[in-house]
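Topology and contacts: notes
Each chain, written out:
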Amino acid sequence: MFNAGDYFQAAIEYEYLIFKNDGLKKSQLYRYKKALCFKYSGNFQKAVNEFQAIYFPDKTDSLFANVAYEHALCLYLINDHQNALWKIDDYAFMVKDSASLVRFFPLKALIYNEMGDWSKARAELINYSRYLDQTDQELFLSMVDDLYNKKNIPKIKKIKTAENLSMFLPGAGQVYAGRPGEGTLNFLIQLSCLAFGAHQLSNGFTTFQFWNAFPFTGYLGGIGMWNKIYQGGIKRAGIIAEETNQHRIADFNHNINYLIIGTLDQ
């Protein structure tokens, strides 16, 4: 079932095998495979929970290395970057075998990229290059230098800046965050609400009919609506900035993935 891609049923069978089995080594393997079922199904949080439940008294066990790597990878996939780094460092401390750490270097680079720590990410890729053939190493380092050139590093938008801009000038935060069309529309809608509210209120004051519908519709339909859109626009600017950062970092990491895969295909 696992090989056929029926991960839901495979996970159930692995759970049954864990329950019926008394041996530690087999239980470790079954739980590892069950965790992989969740990973391949896209349920990375459940995979993390399963990996956390696997205990290894023997740190030299080859399965321990696989579990540590997959555990860190799934933590990265749920954006728990600090714990992913902690898991890798914990494994390195317990094993102290540089050769077994090779596959962890690219993963750490991806994590540091997500955190915007470009210098540490580059350092991890340089560490990885030391295990390549000399010819491959020279090409790899050249490509790393090019990718981490200042002009190629993603321009990260500050979420607080986006929110503050929309606070002082409606729509400006969305423009800064990379959505000029949405920013312009937000500004025009807010301007329309204020204009409607001012028009209704001025009619009430002009006719001295404060008891009629003009002031109420001016406040509720104009000023009240403007306030909601204004507050929403501030939050929306921060959300857009975060989305823009995620897209840019994802594109950058996509290039790193191609770089790593290229070394594996050599």
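Below is a summary of the structure that appears in this document. (Residues numbered from 1 in each chain as written. Predicted model: local features only at pLDDT ≥ 70, side-chain atom pairs only at ≥ 80, totals over all residues. Heavy atoms only, no water.)

The next subject is the overall build of the chain. When you go through the chain residue by residue, the secondary structure sums to 12 helices and zero strands. Mapped in sequence order, the helices and strands of the chain form the string α-α-α-α-α-α-α-α-α-α-α-α. Looking at the chain as a whole, 39% of its 266 residues are labelled buried. For the chain, the computed accessible surface area is about 15,400 Å², with 59% contributed by carbon and sulfur atoms. (Helix = DSSP H or I, 4+ residues; strand = E, 2+ residues; numbered from the N terminus. Buried < 20%, exposed > 50% of the residue type's maximum accessible area, 1.4 Å probe, protein only. Areas by Shrake-Rupley, 256 points an atom, 1.4 Å probe, with all protein chains shown as cover.)

By the definition in use, this model includes 12 salt bridges. One salt bridge connects Glu50 with Arg31, and the closest N-O pair in it is separated by 2.9 Å. You can see Glu50 sitting in helix H3 (residues 44-52) and its partner Arg31 sitting in helix H2 (residues 24-40), a full 19 residues away along the chain. Owing to a relative accessible area of 11%, Glu50 belongs among the buried residues under this scheme. Through salt bridges with shared partners, a single network forms among Glu15, Arg31, Lys34 and Glu50. (Salt bridge = Lys/Arg side-chain N within 4 Å of Asp/Glu carboxyl O.)

The next subject is H2. In this model H2 runs 24 Å from its N-terminal to its C-terminal C-alpha over 17 residues, within 8% of the 24 Å that 1.5 Å per residue would give. Residues of H2 that are buried include every one of Ser27, Gln28, Tyr30, Tyr32, Lys34, Ala35, Leu36, Cys37, Phe38 and Lys39, and no others. Looking at the packing, one finds that the buried side of H2 touches helix H1 (7-20), H3 and helix H4 (62-77). Looking one or two residues past H2, Gly42 carries a phi angle of roughly 90°, positive in sign. (Expected span 1.5 Å × (residues − 1). Contact = heavy atoms within 4.5 Å.)

Worth remembering: the numbers are spatial, not functional.
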